[in-house]
Amino acid sequence: QVQLVESGGGLVQPGGSLRLSCARSETISQIYTLGWYRQAPGKQRELVARIQYNTETKYYLDSVKGRFTISKGNAGSLVDLQMNNLQPEDSAVYYCNVQKLQYIAGIADFWGQGTQVTVSS
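Remember, it's a predicted structure, so these values are computed and weren't measured experimentally.

Looking now at the overall build of the chain. Per the secondary structure count, the chain includes 0 helices and 11 strands. Taken from N to C terminus, the helices and strands of the chain fall in the order β-β-β-β-β-β-β-β-β-β-β. In terms of overall dimensions, the chain is globule-like: its C-alpha atoms have a radius of gyration of 14 Å, near the 14 Å expected for 121 residues. When the backbone C-alpha atoms are referred to their principal axes, the chain occupies close to 50 × 30 × 25 Å. Within the chain, the fraction of its 121 residues that count as buried is 45%. Contacts in the chain between residues at least 24 apart in sequence constitute 53% of all its contacts with a sequence separation of at least 6. Total accessible area computed for the chain in this model is approximately 6600 Å², and 47% of it derives from carbon and sulfur atoms.

What follows is about the side chain of Gln99. For Gln99, the position within the fold is in strand β9 (residues 92-102). Of the polar contacts made by the side chain of Gln99, one reaches the side chain of Asp109; its length is 3.5 Å. Once residues within four sequence positions are removed from consideration, Gln99 is found in contact with Gln30, Ile31, Tyr32, Thr33, Arg50, Ile107, Ala108 and Asp109.

The next thing to look at is the pattern of salt bridges. Following the criterion strictly, the structure yields 6 salt bridges and no others. Among the salt bridges present, the one from Asp62 reaches Lys65, with a minimum N-O distance of 3.1 Å. Through salt bridges with shared partners, a single ionic network connects Arg38, Glu46, Arg67 and Asp90.

Rules behind the numbers
- By convention here, each chain's residues receive numbers from 1 onward along its written sequence.
- In keeping with the model being predicted, local features are shown solely for residues with a pLDDT of at least 70 and side-chain atom pairs are shown and tallied solely at 80 or more, while totals for entire chains, interfaces and linings include all residues.
- Values reported for side chains reflect all heavy atoms of the structure, with hydrogen atoms and water molecules removed beforehand.
- Working definition: helices are DSSP H or I runs of at least four residues, strands are E runs of at least two. Numbering for both runs from the N terminus.
- The atom set for the radius of gyration is the C-alpha atoms, and the globule formula is 2.2 Å times the number of residues raised to the power 0.38.
- Remark: exposure states derive from per-residue accessible area (1.4 Å probe, protein chains only) relative to the maximum for the residue type, with buried under 20%, exposed over 50%, and partly exposed in between.
- Only heavy atoms enter the contact rule, under which two residues are in contact if any of them lie within 4.5 Å.
- For every accessible area listed, the method is Shrake-Rupley and the probe measures 1.4 Å; residues are considered covered only by the protein chains on display.
- Counted as a polar contact is a pair of N or O atoms within 3.5 Å, where, for protein atoms, one must be capable of donating a hydrogen and the other of accepting one, and residues adjacent in sequence contribute only when both atoms are in side chains.
- Here a salt bridge means any side-chain nitrogen of Lys or Arg lying within 4 Å of a carboxyl oxygen belonging to Asp or Glu.

Okay, structure coming up:
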């Protein structure tokens, strides 16, 4: 089974920056998309950013456009999320997501355990 481990979360003041990374336990083949989701207490998990692996087409949640940048990672990270000008409403647990193409099962989703991002003054 594929294991994903997020890192880079922490406590920052409004306007601060964090860079999230997603390490993988093994090489993942036939990746369809790489993405980051977040879930704040009492709220639904929402898609923050996603990159289509082959075309590198990117999607961003409207509220993070211009502040967050998703990219394929390097040096052990599958996908990174650079978060700039963080605001309190960005506070949440952030999850790495990989959608993998499978010939038998179609598309499979893989998730990390999440990393806490807290933005507070």
